[in-house]
Amino acid sequence: MSYKNTVKLFASNFTLVWKQLLYLFVCGILFGVCAYLAGKPIIDLLYSSNVVHEAKVFVETAYTSPSEIALKLSDLFKHALTVLFVENFSSIWLTFFALIILCIFLPYVLIQISYFNITSILYQKLSMNMNVGYFQNGLKVLGKGIIYALTNILFGLPFLALNILLLVIYLTLAKTILSSIIGLVIVSIFMILIRSVKYSLFTCYTCIMVEDTSNPFVAFGKGFALTIKRFWRILSCSIAVTLTLIFINFFISLFTFFAGTIISVPASFVFLSIFYLVIYFNTKGERYYLGPNLIFNPTKYTIKQDEVTVIEIPKPPKQSPEIEDNKETKKKTKKTKSTKNIQNNKD
């Protein structure tokens, strides 16, 4: 029911995707120009050491020889790390630090602020049926959004460390084509599980940050207490959402040569925010709007439509014709008795 309601609400709130696209487009251009200017020494170094050429070969291999993807990726990573961190790190460490700020830290903070903004907009839409502007609400919740983004970095460090550990183990053990393919499958499964666990733990926490004025650590504790009650059910829904986002983004990027990601990436943000809210309301047992005149009640699975509550009541079992005949004869005898009593009273 949570996944189904998420899809319904995503379809009815698709206009948020275009606003999120505009936000990402402006931020992407701004930080893209700054990152290019700051990282030009590293770019020149990668060109001169043929790392860029190997990256182009890797992209071609993904379409021509899919079985060699793992080996090419492993060689590409090893060559790039050797060039950057072993041979030339003393001359590019300041540029590298600036790129971390401009390409990783600040974009991540802005993305998390947009998550918080979308969740706040949808919270008001689902709980009060109130429509608010994207950029107007973004300015209103900017302070809490920054706090949310910074604490998310802290809370996300264990998951990042696990992903890096898996990647290092894979690159170390992937020596042959067979081991590369098997290792890639195993690592992908573990990364999906890690991502799903992260979604499960962050669902209620994000919504409590939107709803309450408590600090992030108190909100995370409250969210964890809510999530742990229905953890396995939430985790199963999170796995379904993770697989949905991965397959949609993968196939769209594969068949449109990454052009379709212009829509699929902001759509993923909106879809995930709706999923957070649906899980939160369902876990707390609170009603929320599925539409302008539709209210979903998680405790009774009833829908209120135009002030009329419609509840599915099970139909009584059909009775045999003999029982129905007996009921009719009983009704007739009662009528005859009542008419006789009336006549006696008249007499």
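The structure this text deals with has already been given above.
The model shown is predicted, which means the values in this text are computed figures rather than measured ones.

## What about the environment of P266?
In step 1: By secondary structure assignment, the location of P266 is in helix 12 (residues 261–284).
In step 2: Accessibility expressed as a relative area gives 1% for P266, which makes it buried.
In step 3: Sequence separation of P266 and L24 is 242 residues, and the distance between their C-alpha atoms is 7.7 Å.
In step 4: Each residue touching P266, except ones within four places of it in the same chain, is listed here: V17, Q20, L21, L24 and T261.

## Let's talk about a nonpolar patch on the surface
In step 1: A cluster of nonpolar residues, I177, L178, I181, I182, V185, I186, I189, F190 and L193, forms a patch on the protein surface that exposes about 800 Å² of accessible area.
In step 2: Residue position: I186 is located in helix 9 (residues 177–211).

## As for the side chain of T95
In step 1: Mapping T95 onto the fold places it in helix 6 (residues 89–128).
In step 2: Ignoring sequence-local partners within four residues, the contact set of T95 consists of A38, G39, P41 and I42.

## Comments concerning the pairing of strand 2 (residues 294–297)
In step 1: Here 3 bridges tie strand 1 (residues 288–291) to strand 2, and the two strands are oriented antiparallel to one another. Bridge assignment links Y288 to a residue of strand 2, and that residue is F296.
In step 2: Where strand 1 folds back on strand 2, the antiparallel hairpin that results is connected by 2 residues.

## Concerning the packing of helix 3 (residues 40–48) against helix 6
In step 1: Axis separation between helix 3 and helix 6 bottoms out at 9 Å; the angle between their running directions is 110°. Taken together, helix 3 and helix 6 sit at an angle that is classed as roughly perpendicular. Between helix 3, through P41, I42 and L45, and helix 6, the contact on the second element is made entirely by I92, T95, F96 and L99.
In step 2: Across the contact of helix 3 with helix 6, the residue classes break down as 6 nonpolar, 1 polar and no charged.

Quick notes on the rules
Residues numbered from 1 in each chain as written. Predicted model: local features only at pLDDT ≥ 70, side-chain atom pairs only at ≥ 80, totals over all residues. Heavy atoms only, no water. Helix = DSSP H or I, 4+ residues; strand = E, 2+ residues; numbered from the N terminus. Buried < 20%, exposed > 50% of the residue type's maximum accessible area, 1.4 Å probe, protein only. Contact = heavy atoms within 4.5 Å. Patch = residues over 30% accessible without salt bridge, like charges linked within 9 Å, V, L, I, M, F, W, Y side chains within 5 Å. Areas by Shrake-Rupley, 256 points an atom, 1.4 Å probe, with all protein chains shown as cover. Salt bridge = Lys/Arg side-chain N within 4 Å of Asp/Glu carboxyl O. Pairing = 2+ DSSP bridges. Axes fitted to C-alpha atoms, helices over the stretch in contact; angles between N-to-C directions. Parallel < 35°, antiparallel > 145°, perpendicular 65-115°, else oblique. Nonpolar A, V, L, I, M, F, W, Y, C, P; charged D, E, K, R; others polar.

No statement about biological role is implied by the geometric values presented.
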